[in-house]
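Listed here are the chains, written in short residue letters.
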Amino acid sequence: MAQNGTIENGVTRNTSPPSLPQPVKIPEIKHTKIFINNEWHTSIKGKKFPTINPATGVKICDVEEADKADVDEAVKAARAAGQRGSEWRRMDTSSRGRLLHRLADLLERERAVLATLESMDTGKPFLHAFFVDLDGSIKTLRYYAGWTDKIHGKTMPVDENFVCFTKHEPIGVCGAIIPWNFPLLMFTWKIAPALACGNTVIIKPAEQTPLTALHVGSLIKEAGFPPGVVNIVPGFGPTAGAAIASHMNIDKVAFTGSTEVGQLIKAAAAKSNLKRVTLELGGKNPCIVFADSDLQSAVEETQKGAFFNQGQACTAASRVYVEEQVYDEFVRLSVERAKNIVIGDPMEPQTLHGPQIDQHQFDKILALVDSGKRDGAKLECGGCAVKDRGLFIHPTIFSDVKDHMRIAKEEIFGPVQCIMKFKTQEEVIDRANSSQYGLTAAVFTRNVDRALSVSAALEAGTIWVNCYNALHAQAPFGGYKMSGNGRELGEYALAEYTEVKAITIRLGEQLKL
């Protein structure tokens, strides 16, 4: 036996556990300007804004601030890149796929750099960014790279001497407005299906987290995408975002964020040119834990849903309904586990829980925690900021939560888990559905019939059974009710980025073989 190895047939094989990836030292942020036409631009108005590391409160750098005039320039570039006869429009579909694969290759190459930037800009643990955000981004690009030459129409029998078939064509210029909680992942969720279908894109990253999007701009150019195909306009919602939503020469807008802002975007799209809109909005997602479930696994999965990314996720599992026979034990196990979550420097490998994104979000979360205390919910653990750590909040669990309480109804977007008791299946389905939201839900049971019947009854776009946050590029994602319109990911997303054209040909003497 060799140290940290075994000898098989005279060959020493290393059996040491693989070392964890490490953050990269970034002495200077290279890409801080507006990316239009594969070139870097300063703001037309000459404005900049700071981006802050939420873990330290220290400014990372200043970024050029796009405004309406900059969006106008981006639209001109995108419109030119997508016009008939352009390099992008003439490119064969398999070549589009090769470009997306090449971009995925470059994300692989820059994986540690991008994960470091994402951790700096959002405060999420570096290893979460590396293994979750980067992995999902790369897989999304590769998935849609495989679709580029498989987007096709149908032929259909029609009356008399006609042939009728359909074509799926790109919509045109697509605007995208993405949130701060998963900046790079949302970037790829938006651009990958849009580019696979042959569109051009103008994308606005959140003002809190622009750095990974801008870095990927340099990789888009390196990959060989023609100028103007992807344009990145960092800026603020009321200016750059509003300009995208209301622009007369943008043909579609995709938005991920709050329901309130989604309503504004849909109204702006309607009042301008009736552009196509897809919205992935808020959620107040129920988890139903039956007494026959694997209780330890249910505790682990629901906490993954509640506390992952510091609870800053539209999929957050903030409503957990537990059958009364196992309620007390579920609460006990949940509290025990929550108290062991490691809070600390996001760059350290042992850290599982980082800061909230900014002061506004921090204050909103603690205000809702205070409302839970006032309303009579029982605070089991957490419920306060981490002493002397700025924007860090302890993972928080409330028991004895009632459906009328604010913490049971409002999207908290923070590390707060509400655990409620139920008696019957019919009762819990009604309570789970009594929300304006319908994004995700989960069911924990060993009974297959119950899993299927409850899944069928729940009003949500995604149902997980005995798991949580199981998102895949192949599966559609989107919500019912006020959780949004349309679907992202999977084959279903392609329909959001194409127009269907029907062509009917009369056969007769005028057309001869």
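Quantities reported herein were computed from a predicted structural model and do not represent experimental measurements.

**A few points about the overall build of the chain**
So, step 1. Tallying secondary structure elements over the chain gives 15 helices and 24 strands in all.
So, step 2. Structurally, the chain occupies a C-alpha span of about 80 × 65 × 60 Å along its principal axes.
So, step 3. Relative to its 513 residues, the chain shows a buried fraction of 54%.
So, step 4. Relative to all contacts within the chain whose residues are 6 or more apart in sequence, the contacts with residues 24 or more apart total 73%.
So, step 5. When the accessible surface of the chain is summed, it comes to about 22400 Å², and 52% of that surface belongs to carbon and sulfur atoms.
So, step 6. Counting 58 positive and 59 negative side-chain charges, the chain places the centres of these two groups 4 Å from one another.

**Description of helix 14 (residues 425–433)**
So, step 1. Those residues of helix 14 lying buried are Val428, Ile429, Arg431, Ala432 and Asn433.
So, step 2. Against the buried residues of helix 14 lie strand 14 (286–289), strand 15 (319–323), strand 18 (416–422), helix 15 (448–457) and strand 22 (480–481).

**As for the sheet that holds strand 15**
So, step 1. What the seven strands build is an open sheet, ordered 16-17-18-15-14-20-21; its pairing is mixed. With one partner strand each, in any of the chains shown, strand 16 (378–381) and strand 21 (462–465) form the two edges of the open sheet. For this sheet, the mean inter-axis angle between neighbouring strands, taken without regard to orientation, is 20°.
So, step 2. One ladder, built from three bridges, connects strand 17 (residues 396–399) with strand 18; its direction is parallel. Considered in strand 18, the bridge of Thr396 is made with Val416.
So, step 3. Across the face of the sheet, helix 11 (residues 327–338) comes into contact with strand 14, strand 15, strand 16, strand 17 and strand 18 while running at roughly 170° to strand 18.

**Considering the packing of aromatic side chains**
So, step 1. As enumerated under the stated definition, the model contains eleven aromatic pairs in all.
So, step 2. Judged by centre distance (5.2 Å) and plane angle (70°), the rings of Phe49 and Phe236 are edge-to-face. Of this pair, Phe49 sits in strand 5 (residues 48–53) while Phe236 sits in the loop between strand 11 (230–232) and helix 8 (237–246); the two residues are 187 residues apart in sequence, bridging distant segments of the chain.
So, step 3. Look at Phe49 and you get buried, because its relative accessible area is 3%.
So, step 4. Aromatic pair Trp189 and Phe477: ring centres 5.7 Å apart, planes at 65°, arrangement edge-to-face. Placement of the pair is Trp189 in helix 6 (residues 183–196) and Phe477 in the loop between strand 21 and strand 22, with a sequence separation of 288 residues.

**Thoughts on the sheet that holds strand 8 (residues 162–170)**
So, step 1. Taken in spatial order, the three strands make up an open sheet running 7-8-24, and their pairing is antiparallel. If you trace the sheet from one side to the other, it starts and ends with strand 7 (155–156) and strand 24 (498–506), each paired once.
So, step 2. Where strand 8 lies against strand 24, nine bridges are found, and the strand directions are antiparallel. In the strand pairing of strand 24, Val163 is matched with Ile505.

**Things to note about helix 5 (residues 126–145)**
So, step 1. The terminal C-alpha atoms of helix 5 lie 27 Å apart, and with 20 residues this matches the ideal 28 Å at 1.5 Å per residue to within 8%.
So, step 2. With 14 of its 20 residues buried, helix 5 lies for the most part within the structure.

**Overview of the UniProt feature "domain: Aldehyde dehydrogenase" (unreviewed entry) in the chain**
So, step 1. With numbering aligned to this structure, UniProt lists the feature "domain: Aldehyde dehydrogenase" (unreviewed entry) at residues 43–503.
So, step 2. Taken end to end, residues 43–503 is 39% helix and 20% strand, and its two terminal C-alpha atoms sit 44 Å from one another.

**Points about the UniProt feature "active site" (unreviewed entry) in the chain**
So, step 1. According to UniProt, the "active site" (unreviewed entry) feature falls on Glu280.
So, step 2. For Glu280, the location among the structural elements is in strand 13 (residues 276–280).
So, step 3. Those residues in contact with Glu280 that lie beyond four places of it in its chain are Phe255, Thr256, Gly257, Cys314, Leu439, Phe477, Ser483 and Glu488.

**So, the nonpolar core**
So, step 1. Grouped together as the largest cluster of nonpolar side chains are 68 residues, with contacts concentrated most on Leu103, Tyr144, Phe187, Leu195 and Phe225.
So, step 2. Counting residues in each nonpolar core, the second largest holds 29 residues, with Phe362, Leu366, Leu368 and Cys418 among its members.

**Some points on the pattern of salt bridges**
So, step 1. All chains considered together, the criterion is met by 32 salt bridges.
So, step 2. Notably, a salt bridge pairs Lys48 with Glu64, separated by 3.8 Å at the nearest N-O pair. Residue Lys48 is located in strand 5, and its partner Glu64 is located in strand 6 (residues 58–64); the two are separated by 16 residues in the primary sequence.
So, step 3. The class for Lys48 is exposed, based on a relative accessible area of 52%.

**Remarks on unusual backbone geometry**
So, step 1. Phi is positive for Asp400, which is not a glycine, with a value near 55°.
So, step 2. Relative to the elements of secondary structure, Asp400 occurs in the loop between strand 17 and helix 13 (406–409).
So, step 3. Its relative accessible area of 37% is what places Asp400 among the partly exposed residues.
So, step 4. In this structure, Leu489 is a non-glycine residue whose phi angle is positive, near 70°.
So, step 5. Topologically, Leu489 is positioned in the loop between strand 23 (484–485) and strand 24.
So, step 6. Classification of Leu489 by relative accessible area gives buried; the value is 2%.

**Describing the side chain of Asn285**
So, step 1. Turning to its location among the elements, Asn285 is positioned in the loop between strand 13 and strand 14.
So, step 2. From its side chain, Asn285 meets the backbone oxygen of Thr315 in a polar contact 3.3 Å long.
So, step 3. Reaching out from Asn285, the side chain makes a polar contact with the backbone nitrogen of Thr440 at a distance of 3.0 Å.
So, step 4. Among residues more than four places away in sequence, those in contact with Asn285 are Cys314, Thr315, Ala316, Ala317, Ser318, Arg319, Leu439, Thr440 and Tyr468.

**Side note on the pairing of strand 15**
So, step 1. Here strand 15 lies mainly inside the structure; five of its five residues are buried.
So, step 2. Of the two faces of strand 15, the one lined by Arg319, Tyr321 and Glu323 and the one lined by Val320 and Val322 are each fully buried.
So, step 3. Bridging between strand 14 and strand 15 involves four bridges; their strand directions are parallel. Paired with Cys287 across the strands is Val320, a residue of strand 15.
So, step 4. Considered for its hand, the β-α-β crossover made up of strand 14, helix 10 (residues 295–307) and strand 15 is right-handed.
So, step 5. Where strand 15 and strand 18 come together, five bridges link them in parallel fashion. Its bridge partner being in strand 18, Arg319 is matched across the sheet by Cys418.

Rules used in this analysis
Residues numbered from 1 in each chain as written. Predicted model: local features only at pLDDT ≥ 70, side-chain atom pairs only at ≥ 80, totals over all residues. Heavy atoms only, no water. Helix = DSSP H or I, 4+ residues; strand = E, 2+ residues; numbered from the N terminus. Buried < 20%, exposed > 50% of the residue type's maximum accessible area, 1.4 Å probe, protein only. Contact = heavy atoms within 4.5 Å. Areas by Shrake-Rupley, 256 points an atom, 1.4 Å probe, with all protein chains shown as cover. Lys, Arg positive; Asp, Glu negative; His and termini not counted. Charge placed at Lys NZ, Arg CZ, Asp CG, Glu CD. Pairing = 2+ DSSP bridges. Axes fitted to C-alpha atoms, helices over the stretch in contact; angles between N-to-C directions. Phe/Tyr/Trp six-rings, centres within 6.5 Å; stacked < 30°, edge-to-face > 60°. Expected span 1.5 Å × (residues − 1). UniProt positions renumbered as here; feature names shortened; annotations may be inferred. Core = buried A, V, L, I, M, F, W, Y, C linked by side-chain atoms within 4.5 Å. Salt bridge = Lys/Arg side-chain N within 4 Å of Asp/Glu carboxyl O. Polar contact = N/O pair within 3.5 Å; in protein donor to acceptor, adjacent residues only side chain to side chain. Right-handed = clockwise from strand over helix to strand, strands pointing away.

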